[in-house]
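Reading the structure
The lines below spell out each chain.
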Amino acid sequence: MKPIATLKKALASVDVRTKEPYQAAFERSDVCAVAAASVVGEAMVCIVLADALLEKFAGDSLRELARNIDGYRAQLTEY
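The structure reproduced in this document is the subject of the present report.

Points about the overall build of the chain
Helix and strand counts for the chain come out as 2 helices and 4 strands. Element order for the chain, N to C, with α for helix and β for strand: β-β-β-β-α-α. With 79 residues in all, the chain has 5% of them scored as buried. Here the analysis covers contacts within the chain between residues at least 6 apart in sequence; of these, 19% occur between residues at least 24 apart. Accessible surface for the chain amounts to roughly 7,100 Å². Of this, 61% is attributable to carbon and sulfur atoms.

Brief notes about the packing of helix α1 (residues 34–57) against helix α2 (residues 62–78)
Packed helices, taken two at a time, are described by the angle their axes make and the gap between the axes. Contact pair α1 / α2: the axes reach a minimum separation of 10 Å and the direction vectors enclose 80°. Our classification of the angle between α1 and α2 gives roughly perpendicular. In contact with L53, L54, K56 and F57 of α1, α2 contributes L65, N68, I69 and Y72. Here the residues of the contact of α1 with α2 sort into 6 nonpolar, 1 polar and 1 charged.

Overview of the pattern of salt bridges
Tallied over the entire structure, the rule returns 1 salt bridge. Between R67 and E64 there is a salt bridge, and its shortest N-O distance comes to 3.8 Å. Residue R67 and its partner E64 are located together in helix α2, separated by 3 residues, close to a single helical turn. Judged by its relative accessible area of 54%, R67 is exposed. Judged by relative accessible area, which is 25%, E64 ranks as partly exposed.

What counts and what doesn't
- Residues numbered from 1 in each chain as written.
- Predicted model: local features only at pLDDT ≥ 70, side-chain atom pairs only at ≥ 80, totals over all residues.
- Heavy atoms only, no water.
- Helix = DSSP H or I, 4+ residues; strand = E, 2+ residues; numbered from the N terminus.
- Buried < 20%, exposed > 50% of the residue type's maximum accessible area, 1.4 Å probe, protein only.
- Contact = heavy atoms within 4.5 Å.
- Areas by Shrake-Rupley, 256 points an atom, 1.4 Å probe, with all protein chains shown as cover.
- Axes fitted to C-alpha atoms, helices over the stretch in contact; angles between N-to-C directions.
- Parallel < 35°, antiparallel > 145°, perpendicular 65-115°, else oblique.
- Nonpolar A, V, L, I, M, F, W, Y, C, P; charged D, E, K, R; others polar.
- Salt bridge = Lys/Arg side-chain N within 4 Å of Asp/Glu carboxyl O.

Fair warning: the whole summary comes from geometry, so function is off the table for now.
Below, the structure written as structure tokens:
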């Protein structure tokens, strides 16, 4: 995750309308990183679950993976 964007001191800039130089204001663009962190967390959960699925039912193709999952489901109904 990228750090929260912050300008600790004013940076030199240019006003695009007047073309006059000015100092950019001190700025904190995000006050909370939870929304960004939730996207990272959700992606990591998907990666870990996909890794576990492939570890359990691995195959050389998507068709073989689906066949292995179907076989496992059929086995569960026998118990």
